[in-house]
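Listed here are the chains, written in short residue letters.
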Amino acid sequence: MSDVSQKELDEFRAGARAWFAENVPADPDFMLPLTFMEVGTQEQFDFLRDWQHKCYEAGYLGAAWPKEYGGGGLAQAFQDVATQEMHRAGGPIMLNAIGINWAGPLILDMGSEEQRKAYIKGILSAEDIWCQGFSEPDHGSDLGNAQTRAVRDGDDYVVNGSKIWTTQGNYAKYMILLARTDPDAPRKYDGLSFFLAPMTVPGVETVPIKKLTGEYGFTQTFFTDARIPATSLIGGEGKGWAVAMRTLEYERGARGGQAGGYVTVYPDVGEVVELAKRALRNGHPACEDPIIRDKLVKLLATYRGLQLNGKRSRIAPLVQDKPMSLPLMSKLIATEFYREINQLAMAMQGPRGAYYVGEPEAYDEGIWQRSYLNAFSGTIGGGTSQIQHNIIGEHVLGLPKS
Amino acid sequence: MERNVTLTFSEEQAELLEVAQNFCRDKSPVPTVRKLIEDELGYDPAVWQEMIALGWLGIAVPEEFGGVGLSMAEVVPVVEQMSRRLMGGPFVPTTLAAQALLAGGTEAQKSRILPEICAGKAATLALTEPHADWDLTHIEAKAVEEGGKLKLSGTKIFVVDAASAEWIIASVMKDGKPALVIIEKAALPEGALRREVVADETRRSFRLELDGVEVPADALLDTSRTSETLAHIDLASSLLLSAEACGAAASCVDYTVEYLKTRKQFGKLIGSYQSLKHPTVDALVAYETARSHLYNAACTFGQQGEGEIAVRMAKSESSDALSFAADRAIQFHGGFGFTYECDAQLYRRRGMWCEYLHGDGPYQRAKLADLLF
């Protein structure tokens, strides 16, 4: 890694820039999802799968993953450059988000040689879509209480139960599955195991969930005596909680190792400022309204604060009082910010604020309205904002458990 | 937009932060703060002498004038830690007066006064007027030249620590244009200063009647630089008020958390109730984010454009953060919170100072809107 020269990186960047300029597809005649959680139609799915496949074939996804399993074998710096150029060119999102961000890093980190050979290439090429089975209908934020059962029977585990909020569950070939193998373990966490479970075996059924936006993208997954091979276990029986926590660390970027690319595109705050200048509110540009101005600046300060918090968290003397404070609060601030800025964007639009996707008179095809409703996936998913408050209160401030 | 915000922290800032943190914790425990509230001067002269010996008054003054030769960025951690312990004393007004001289003083004024300030003589500013406009260029006080002297008239409010100051730098209108003038406090007529009753009782603030005050003609600062000087003082004041707000907010959150971890009601520690826990976390989030803004403002201070945006954001975020944290601190202490004995009121009163001087959140955000879009 250390012997990557700037010259090599510059050359790689020039190549990537040229490739993306040439290959980023034109907008299709249907609306593309902003995040991997909103892939709701077959045409969206096919479009994004083709794009990811193309990026992988060109060497701009998984560039830093080991060559022997299908990666590019380069230093991480090359993948970072590729991702920057992808972003710069305005390329669509990577489809196989769970695979490239969670399952892939986990398999490389903890998987057996056989598992690495079997799964990594398919993750990168988008041939094998992965989904995640953590949350359950009755246990949203309380992951440790998962009740889906996996019972050892010969060379298989027999799985019964149900998982919810399975992104791309209806397209997935595999699921990273957290299931209970020992209901009698003294600590609830010790009864959990982690599987790289096939979705194609009998007894696995997915039912699409229609979201508040009117779109699809999630499913509920039902297991009825589904037999999955015991070789799909990862981390050992009873160690599922530790594996799940480790997997979440890949998501937060604390461990690195993700394949690259990005799986969400959020409107830049600059676009909201630009909207304020052209959206008519009560007959005047919204940016002339003193209350809108105040709220917009407040949110721009929050956005900037998020970036500054990230920088300050790397300056040891400035975080010595409460070292975990900034890292643990970033999810809360970022997701609430995103909800609020979209809400404000709607408020700028006067009566048009009440339009929705599909109305030709809506500002920006109704994207602000849809983004606002979709923003709740951030404030609810991955531990609701209310749970985040508990986590910060208990882990940073040392307040007693609720 | 705003992709490339900067936050750097110098070795000197780190050293000063550590020294100030220990010094202020040792010298200014809450019982001392409360005792000094009763004291007319408002601070311990012996502690003030120690601060002088540490060289703090000259941090942002060039070496040629007897200072340390650093910048306002290095003053920020000191002021933050002072306010964390609600420490009184004329450090902030003296630092700001030195900034006014550096930005707009004549060479003779700088050479005469700055070394004395670095050696420990206090100074202050007289900028705010009863019309209450936060715009420092709105000045109604006057200076009229008469027989080689300047005759002053008008009224200034919030002249901080005037009783301790050797010099007061006041804004006036002269020949229809804003100007700054140095007043030797010893030359003030009897009764020109009246102590104001301010919510933050750790402060000493004065009303200054300029009618009948005369200064020599060479007391004028460089009149060609008045507007830049006023703009510089406005931002420097806002920067230090932001530092004070952050320091006090840090203590205020800790103080509240301590109570939430020890006080029981209905058989449970009250910190386990989410109606108290969640707003306390909100206060922490607001404080932490404001502190990031503060150090962004510190390291970009003086930069054209970006520097002003950073300071105004820091002022808006930090004063809102402290006022929220302290407001909830009173409420969450319940009946005890309603007493003078509870420290929550100290923080809430400090918040009023930090918020309402040099422009509150909405004022700063209106300014920012003009700068940003």
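Residues numbered from 1 in each chain as written. Chains lettered and ligands numbered in written order. Predicted model: local features only at pLDDT ≥ 70, side-chain atom pairs only at ≥ 80, totals over all residues.

Examining the overall build of chain B
Note the cut-off: The helix count covers DSSP runs of H or I at least four residues long, the strand count covers runs of E at least two residues long, and both are numbered beginning at the N terminus. C-alpha atoms define the radius of gyration in this analysis, and the globule rule sets the expected value at 2.2 Å times the number of residues to the power 0.38. Note on burial: count the other C-beta atoms lying within 10 Å of the residue's C-beta; 20 or more is buried, 12 or fewer is exposed, in between is partly exposed, and C-beta positions come from the backbone. A pair of residues counts as a contact when their C-beta atoms, built from backbone coordinates, are separated by no more than 7 Å.
Check the secondary structure of chain B and you find twelve helices and eleven strands. For chain B, whose C-alpha radius of gyration is 21 Å, the value lies close to the compact-globule estimate of 21 Å for 373 residues. Principal-axis analysis of the C-alpha atoms places the extent of chain B at approximately 80 × 50 × 40 Å. Here chain B holds 373 residues, and 54% of them are scored as buried. Taking as baseline every contact in chain B between residues at least 6 positions apart, the subset at least 24 positions apart corresponds to 75%.

With respect to the overall build of chain A
In terms of regular secondary structure, chain A is built from eleven helices and nine strands. At 22 Å, chain A has a C-alpha radius of gyration in line with the 21 Å of a compact globule built from 402 residues. By principal-axis analysis of the C-alpha atoms, chain A measures approximately 70 × 55 × 50 Å. Within the span of chain A, comprising 402 residues, buried residues form 44% of the whole. When contacts within chain A are restricted to residue pairs at least 6 apart in sequence, those whose partners lie at least 24 apart make up 70%.

Observations regarding helix α6 (residues 107-118) of chain B
Count 3.6 residues to each turn of an α-helix, and residues three or four apart come out pointing the same way. Residue and element names in this part refer to chain B. As a reminder of what qualifies: One fewer than the residue count of a helix, multiplied by 1.5 Å, yields its expected span. By definition, the arc is the one covered by directions from the helix axis to the C-beta atoms.
Between its first and last C-alpha, α6 extends 16 Å over twelve residues, near the 16 Å set by a 1.5 Å rise per residue. For α6, the set of buried residues is Ile113, Leu114, Ile117 and Cys118. Down the axis, α6 shows its buried residues gathered within 130 degrees of arc, on one side only. Contacts from the buried residues of α6 go to α5 (91-104), β1 (122-126) and β5 (165-174).

Details of the interface of chain A and chain B
Residue-level contacts link 39 residues of chain A with 37 residues of chain B. Sorting the residues of the side of chain A that touches chain B by element identifies α7 (269-278), α8 (290-312), α9 (325-347) and α11 (385-395) of chain A as the ones contributing at least two each. At 13 residues, α8 of chain A tops the list of elements feeding residues into the side of chain A that touches chain B.

Here's the deal with the domain arrangement of chain A
All names here are of chain A. Keep this limit in mind: Domain delimitation follows an automatic or database domain assignment. For this scheme, ten residues count as nonpolar: Ala, Val, Leu, Ile, Met, Phe, Trp, Tyr, Cys and Pro. Four count as charged, namely Asp, Glu, Lys and Arg, and the remainder, Gly too, count as polar.
Along its sequence, chain A is organised into domain 1 (6-125), domain 2 (130-250) and domain 3 (269-395). A C-alpha centroid distance of 28 Å is found between domain 1 and domain 3. Across the boundary between the two partners, domain 1 contributes four residues, which contact four residues of domain 3. In terms of residue class, the side of domain 1 that touches domain 3 is made up of three nonpolar, no polar and one charged.

Examining the domain arrangement of chain B
All names here are of chain B. In terms of domain boundaries, chain B breaks down into domain 1 (11-121), domain 2 (124-223) and domain 3 (227-372). For domain 1 versus domain 2, the distance between C-alpha centres works out to 22 Å. Listed by partner, the interface residues are 18 residues for domain 1 and 17 residues for domain 2. Contributing elements (two or more residues each) for the side of domain 1 that touches domain 2: α2 (30-37), α5 and α6. When its residues are assigned to classes, the side of domain 1 that touches domain 2 shows eleven nonpolar, six polar and one charged.

Observations regarding the pairing of strand β3 (residues 156-167) of chain A
All names here are of chain A. Put simply, the test is: Here a strand pair is declared whenever DSSP counts at least two bridges between the two strands.
In this sheet, β3 lies alongside strand β2 (residues 149-153) in antiparallel orientation, the contact comprising five bridges. Looking across to β3, one finds that Arg149 is bridged to Asn160. Connecting the antiparallel pair β2 and β3 is a turn made up of two residues, with Gly154 showing a positive phi of about 65 degrees. Across nine bridges, the pairing between β3 and strand β7 (residues 218-229) is antiparallel.

Details of the packing of helix α9 (residues 306-332) of chain B against helix α11 (residues 344-356) of chain B
Residue and element names in this part refer to chain B. To be explicit about the condition: Every axis corresponds to a line fitted to the C-alpha atoms, with the helix fit spanning only the stretch in contact, and the corresponding angles, defined between N-to-C directions, vary from 0 to 180 degrees. Should an angle fall under 35 degrees it is called roughly parallel, over 145 degrees roughly antiparallel, and 65 to 115 degrees roughly perpendicular, with every other angle called oblique. Note on convention: the crossing is left-handed when the near helix lies turned anticlockwise from the far helix by less than a right angle, right-handed when the turn is clockwise.
One can describe the packing of α9 onto α11 by two numbers: an axis separation of 8 Å at closest approach and a directional angle of 155 degrees. Here α11 runs roughly antiparallel to α9, going by the angle between their axes. Relative to α11, the crossing made by α9 is left-handed. Facing Ser319, Leu322, Ser323, Ala326, Asp327, Ala329 and Ile330 of α9, the residues of α11 in contact are Ala344, Gln345, Tyr347, Arg348, Gly351, Cys354 and Glu355. Here the residues of the contact of α9 with α11 are counted per class, giving seven nonpolar, four polar and three charged.

A short note on helix α4 (residues 97-110) of chain A
Residue and element names in this part refer to chain A. Short version of the rule: What is called the bend at a residue is the angle between a pair of axes, fitted to the seven residues leading up to and ending at it and to the seven starting from it.
Taking 1.5 Å per residue as the helical rise, α4 with its 14 residues ought to reach 20 Å, and the 19 Å between its terminal C-alpha atoms agrees with that figure. A maximum bend of about 40 degrees is found in α4 at Ala103, where proline Pro105 lies one to four positions downstream. Burial analysis of α4 places twelve of its 14 residues in the buried class, the great majority of the element. The set of residues buried in α4 consists of Ala97, Ile98, Gly99, Ile100, Asn101, Trp102, Ala103, Gly104, Pro105, Leu106, Ile107 and Leu108.

Some words on the sheet that holds strand β4 (residues 155-160) of chain B
What links the strands of a sheet is backbone hydrogen bonding, and the strands pair in either a parallel or an antiparallel sense. All names here are of chain B. Judged by pairing direction, the sheet is antiparallel, and its three strands sit side by side in the order β4-β8-β7 without closing on themselves. Bordering the open sheet on either side are β4 and β7 (193-195), each of which pairs with just one other strand. Neighbour-to-neighbour, the strand axes of this sheet turn through a mean angle of 30 degrees, independent of strand direction. With four bridges joining them, β4 and strand β8 (residues 205-209) adopt antiparallel strand pairing. Note on β8: the bridge partner recorded for Val160 is Ser205.

Considerations on the nonpolar core
Short version of the rule: In this usage, the nonpolar core is the set of buried Ala, Val, Leu, Ile, Met, Phe, Trp, Tyr and Cys residues whose C-beta atoms join them within 7 Å.
Residues Ile169, Val181, Leu239, Ala249, Tyr287 and Ala325 of chain B are the most contacted members of the largest nonpolar core, which totals 154 residues. Sorting elements by how many residues they give to this core places helix α7 (residues 226-262) of chain B first, with 19 residues. Ignoring any residue separated from it by four or fewer positions in sequence, one finds Ala325 of chain B in contact with Ala249, Cys252, Val253, Ala283, Ala286 and Tyr287 of chain B. Judged by nonpolar contacts, the second largest core, of 72 residues, contains Met86, Ile93, Ala197 and Trp241 of chain A.

Examining the environment of Arg281 of chain A
All names here are of chain A. Topologically, Arg281 is positioned in strand β8 (residues 280-281). Arg281 sits 191 residues away from Gly90 along the chain, and the two C-alpha atoms are 30 Å apart. With sequence-adjacent residues up to four places away left out, Arg281 is seen in contact with Ala286, Asp289, Ile292, Met348, Gln349 and Gly350.

Observations concerning the pairing of β5 of chain B
Residues in a regular strand project their side chains so that they alternate between the two faces of the sheet. Residues and elements named next belong to chain B. β5 sits mainly inside the fold: eight of its ten residues count as buried. As judged from the five bridges shared by β1 and β5, these two strands associate in the parallel manner. Note on β5: the bridge partner recorded for Ala123 is Trp167. Adjacent in sequence and paired antiparallel, β5 and strand β6 (residues 177-184) are bridged by two residues, among which Asp175 carries a positive phi angle near 50 degrees.

Re the environment of Ala369 of chain B
Summarising the element assignment, Ala369 of chain B is placed in helix α12 (residues 361-372). Note on Ala369 of chain B: 20 C-beta atoms within 10 Å, which makes it buried. Expressed as a C-alpha distance, the spacing of Ala369 of chain B and Ile309 of chain B, which sit 60 residues apart in the sequence, is 9.7 Å. Those residues in contact with Ala369 of chain B that sit more than four places away from it in its chain are Arg293 and Val297 of chain A.

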